[in-house]
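Residue-level structural notes
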Amino acid sequence: MIDHRTAPYAALLLRVTIAGLFIAALYGKFVLKPIGLWWNGLLKAGYPEWVLAYTLSAEFASAILLLLGLYTRWVSLYTLPMMVGATHFWMVRKSFWFVEGGWEMPFVWAIMLVVQALLGDGALALRTMRLPWEERFRKATA
């Protein structure tokens, strides 16, 4: 049974947690290490530049828009392929276990994004205009 009084706050907590993780990831890329080190490392690993640009756009969108509660479902779905790709990246290089810096973190992060997309905005989200396809999506699921 879903408690409708507390469910919006659960979605808020998840949304802020995911945004915080993306803020930390961006802080690591831009402050702790030079962005060129990350960028060039992935280029050497064989990733095309458009994948890196998409990754940064997804991280910035998630860090900002999820924190504010703007288009939460769509931002979560936009970011999901990046997290699945990160899971695959670490899966082929390391094991699963967290003691070795494996793929469990991006895997759980991807699950969190799916749950957030299912839950929606939650409490304290900024209200925005509906996107054109949202009405058709709502009618199809009703």
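Report on the accompanying structure. (Residues numbered from 1 in each chain as written. Predicted model: local features only at pLDDT ≥ 70, side-chain atom pairs only at ≥ 80, totals over all residues. Heavy atoms only, no water.)

Side note on helix α3 (residues 49–68)
The terminal C-alpha atoms of α3 lie 29 Å apart, and with 20 residues this matches the ideal 28 Å at 1.5 Å per residue to within 8%. The principal kink in α3, of about 25 degrees, is found at S62. By the burial criterion, the buried members of α3 are V51, L52, Y54, T55, L56, A58, E59, A61, S62, A63 and L66. Summarising the contacts, the buried residues of α3 are in contact with α1 (7–32), α2 (35–44), α4 (72–91) and α5 (104–119). Remark: G69 follows α3 within two positions and exhibits a positive phi of approximately 80 degrees. (Helix = DSSP H or I, 4+ residues; strand = E, 2+ residues; numbered from the N terminus. Expected span 1.5 Å × (residues − 1). Bend = angle between axes of the 7 residues up to and from the residue. Buried < 20%, exposed > 50% of the residue type's maximum accessible area, 1.4 Å probe, protein only. Contact = heavy atoms within 4.5 Å.)

Thoughts on unusual backbone geometry
Working note: non-glycine residues mostly have negative phi, and peptide bonds are mostly trans. At Y71, a residue that is not glycine, the phi angle is positive and equals roughly 50 degrees. Inspection of the secondary structure assignment puts Y71 in the loop between α3 and α4. Positive phi is not limited to glycine here, since L124 has a value of about 60 degrees. Within the secondary structure layout, L124 lies in the loop between α5 and α6 (132–141).

Looking at the nonpolar core
Among the nonpolar cores identified, the biggest contains 18 residues, and I18, F22, L66, M82, M83, W109 and L113 are the most heavily contacted of them. Elements supplying a minimum of two residues to this core: α1, α3, α4 and α5. Sequence-distant contacts of W109, defined by excluding residues within four places in its chain, comprise I18, L21, F22, A25 and M83. (Core = buried A, V, L, I, M, F, W, Y, C linked by side-chain atoms within 4.5 Å.)

Comments concerning a nonpolar patch on the surface
There is a patch of nonpolar side chains on the surface, built from V16, I23, Y27, F30, V31, L32, F60, I64, L67, L68 and L126 and spanning about 1000 Å² of accessible area. Elements with a minimum of two residues in the nonpolar patch: α1 and α3. Looking at the nonpolar patch, the element that brings in the most residues is α1, giving 6 residues. Mapped onto the elements, L68 comes out in helix α3. (Patch = residues over 30% accessible without salt bridge, like charges linked within 9 Å, V, L, I, M, F, W, Y side chains within 5 Å. Areas by Shrake-Rupley, 256 points an atom, 1.4 Å probe, with all protein chains shown as cover. Salt bridge = Lys/Arg side-chain N within 4 Å of Asp/Glu carboxyl O.)

Section: the packing of aromatic side chains
Under the defined criterion, the tally for this structure stands at 7 aromatic pairs. Ring centres of Y47 and F89 lie 5.8 Å apart, and the angle between their planes is 50 degrees; this geometry places the pair in the tilted category. Highlighted residues: Y47 in the loop between α2 and α3 and F89 in helix α4, separated in sequence by 42 residues. Each member of the aromatic cluster is reached from another via a ring pair, and the members are Y47, F89 and W90. Of note, R93 hangs over the ring of F89, and the distance from its end group to the ring centre comes to 3.8 Å. (Phe/Tyr/Trp six-rings, centres within 6.5 Å; stacked < 30°, edge-to-face > 60°. Lys NZ or Arg CZ within 6 Å of the ring centre and 35° of its normal.)

A short note on the packing of α2 against α3
How two helices pack is summed up by the angle between their axes together with the distance between the axes. Between α2 and α3, the least distance of the axes is 9 Å, while the angle of their chain directions is 140 degrees. Relative to α3, the element α2 lies oblique. Note that α2 runs across α3; the crossing there is right-handed. Mapping the contact onto sequence places I35, W38, W39, L42 and L43 in α2 and E49, L52, A53, T55 and L56 in α3. Partitioning the contact of α2 with α3 into residue classes produces 8 nonpolar, 1 polar and 1 charged. (Axes fitted to C-alpha atoms, helices over the stretch in contact; angles between N-to-C directions. Parallel < 35°, antiparallel > 145°, perpendicular 65-115°, else oblique. Left-handed = near helix turned anticlockwise from the far one by under 90°. Nonpolar A, V, L, I, M, F, W, Y, C, P; charged D, E, K, R; others polar.)

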